[in-house]
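Now for the letters of each chain:
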Amino acid sequence: KAGVTQTPRYLIKTRGQQVTLSCSPISGHRSVSWYQQTPGQGLQFLFEYFSETQRNKGNFPGRFSGRQFSNSRSEMNVSTLELGDSALYLCASSWTSGRTDTQYFGPGTRLTVL
Amino acid sequence: GNSVTQMEGPVTLSEEAFLTINCTYTATGYPSLFWYVQYPGEGLQLLLKATKADDKGSNKGFEATYRKETTSFHLEKGSVQVSDSAVYFCRIHNNDMRFGAGTRLTVKP
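Notes on the structure follow. Residue positions are counted from 1 within each chain, in the order its sequence is given. Chains and ligands are labelled by the order in which they are written, letters from A for the one and numbers from 1 for the other. Where totals are concerned, whole chains, interfaces and linings use all residues; where local detail is concerned, this predicted model gives features only for residues with pLDDT of at least 70, and gives and counts side-chain atom pairs only at 80 or more. Water and hydrogen atoms play no part in the side-chain values, which are based on all heavy atoms of the structure.

Looking now at the overall build of chain B. Secondary structure summary: chain B contains zero helices and twelve strands in total. Secondary structure elements are defined from DSSP: runs of H or I of at least 4 residues count as helices, runs of E of at least 2 residues count as strands, and each element is numbered from the N terminus. Along chain B, from the amino end to the carboxyl end, the secondary structure elements read β-β-β-β-β-β-β-β-β-β-β-β. Radius of gyration here is computed from C-alpha atoms only, and the compact-globule reference equals 2.2 Å multiplied by the residue count raised to the power 0.38. Relative to its length of 109 residues, chain B is compact, with a C-alpha radius of gyration of 13 Å against a globular reference of 13 Å. Its C-alpha atoms put chain B at 45 × 25 × 20 Å along the principal axes. The buried share of chain B, reckoned over its 109 residues, is 47%. Residue contacts are counted whenever heavy atoms from the two residues lie within 4.5 Å of one another. Taking the intrachain contacts of chain B between residues at least 6 apart in sequence as the baseline, contacts between residues at least 24 apart amount to 55%. Relative accessible area decides the class of each residue, using a 1.4 Å probe on protein chains only: under 20% of the type maximum gives buried, over 50% gives exposed, and in between gives partly exposed.

Listed below in structure tokens is the structure:
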């Protein structure tokens with residue numbers, strides 16, 4: 001079974017631009033979560049989607065948004081990029097959003113903002 | 001909200017040494033507890049998990065026991081290998097998902 005895939009793997013943008021990252025979950029998984037990983041802040045939860053509905057949201061500004069499609073694929077958008085948005089963005093999928101469910105992570109998209 | 005406090009690294013050990021990485025948490029209700037590992041240049045992989053008090057998760061020689069009385073989920077391995085060098089993350093999940101800060105482990109031959 002194919003794992004979680006994220007595209008693109010690497011991205012370079014300049015301040016003020018916007019970016020869209022894509023995540024394809026494991027087949028059959030309906031929950032997709034997004035995380036931001038930086039050396040200074042570690043792993044921070046952005047949001048979770050389940051069956052096209054946002055279930056949980058972390059403490060990030062409104063510039064960070066996401067959506068999930070009917071096939072469970074998810075996209076994350078960051079508008080008006082800032083230097084501090086440079087990070088590894090990880091997507092994870094699971095069967096449901098239940099507390100016992102294991103999340104399976106993709107390899108991440110490394111975003112560099114210049 | 002939930003919080004996870006994880007032992008600060010980096011941790012450097014010689015091959016075959018005993019490993020302990022501490023993880024304590026605060027949470028409402030009955031969270032599930034997880035350890036994930038991240039090898040260089042890769043995403044996170046589940047190492048083990050426990051979903052209720054006194055459960056012991058184990059995988060690849062690593063173990064951790066869900067201790068509700070001490071709100072802890074310490075990761076242990078009796079004999080580490082060079083290939084265990086990675087960053088280890090403790091995570092809790094009830095209605096809120098939190099990761100610890102991560103502990104970088106380096107094992108030297």
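Structure shown, so let's carry the discussion forward.
In this section: the state of the cysteines. Each disulfide is one covalent bond, formed between the sulfur atoms of two cysteines. Defined by distance alone, a disulfide is two cysteine sulfur atoms within 2.5 Å. Overall, the coordinates contain two disulfides over all chains when judged by the stated rule. Put simply, A:Cys23 and A:Cys91 are joined by a disulfide, and their sulfur atoms are 1.7 Å apart. Around the S-S axis, the bridge from A:Cys23 to A:Cys91 shows a dihedral of about -50 degrees and counts as left-handed. With A:Cys23 in strand 3 (residues 19-24) and A:Cys91 in strand 9 (residues 87-94), this residue pair connects regions lying 68 residues apart in the sequence. Two residues, B:Cys23 and B:Cys90, share a disulfide whose sulfurs are 1.9 Å apart. With the S-S dihedral at roughly -65 degrees, the linkage between B:Cys23 and B:Cys90 falls on the left-handed side. With B:Cys23 in strand 4 (residues 23-26) and B:Cys90 in strand 10 (residues 86-93), the pair connects residues that are 67 residues apart, well separated along the chain.

Another point: the environment of B:Ser72. All names here are of chain B. Relative to the assigned elements, Ser72 resides in the loop between strand 8 (62-65) and strand 9 (75-77). Residue class for Ser72 comes out buried when judged on its relative accessible area of 3%. In the structure, Ser72 is positioned 48 residues away from Thr24 in sequence and 4.2 Å away in space, judged by C-alpha atoms. Filtering out sequence-adjacent residues up to four positions away, Ser72 remains in contact with Cys23, Thr24, Tyr25, Leu33, Thr65, Tyr66 and Arg67.

A separate point is the sheet that holds strand 8 of chain B. All names here are of chain B. If you walk across this open sheet you meet the four strands as 3-9-8-7, and the pairing is antiparallel. Unpaired on one side and paired on the other, strand 3 (19-21) and strand 7 (56-59) mark the two borders of the sheet. Taking each pair of neighbouring strands and ignoring which way they run, the sheet shows an average axis angle of 15 degrees. The pairing of strand 7 with strand 8 spans four bridges and is antiparallel. By definition, two strands form a pair when at least two bridges between them are found by DSSP. Helix axes use the C-alpha atoms of the stretch in contact, all axes being lines fitted to C-alpha atoms, and the angles between their N-to-C directions lie in the range 0 to 180 degrees.

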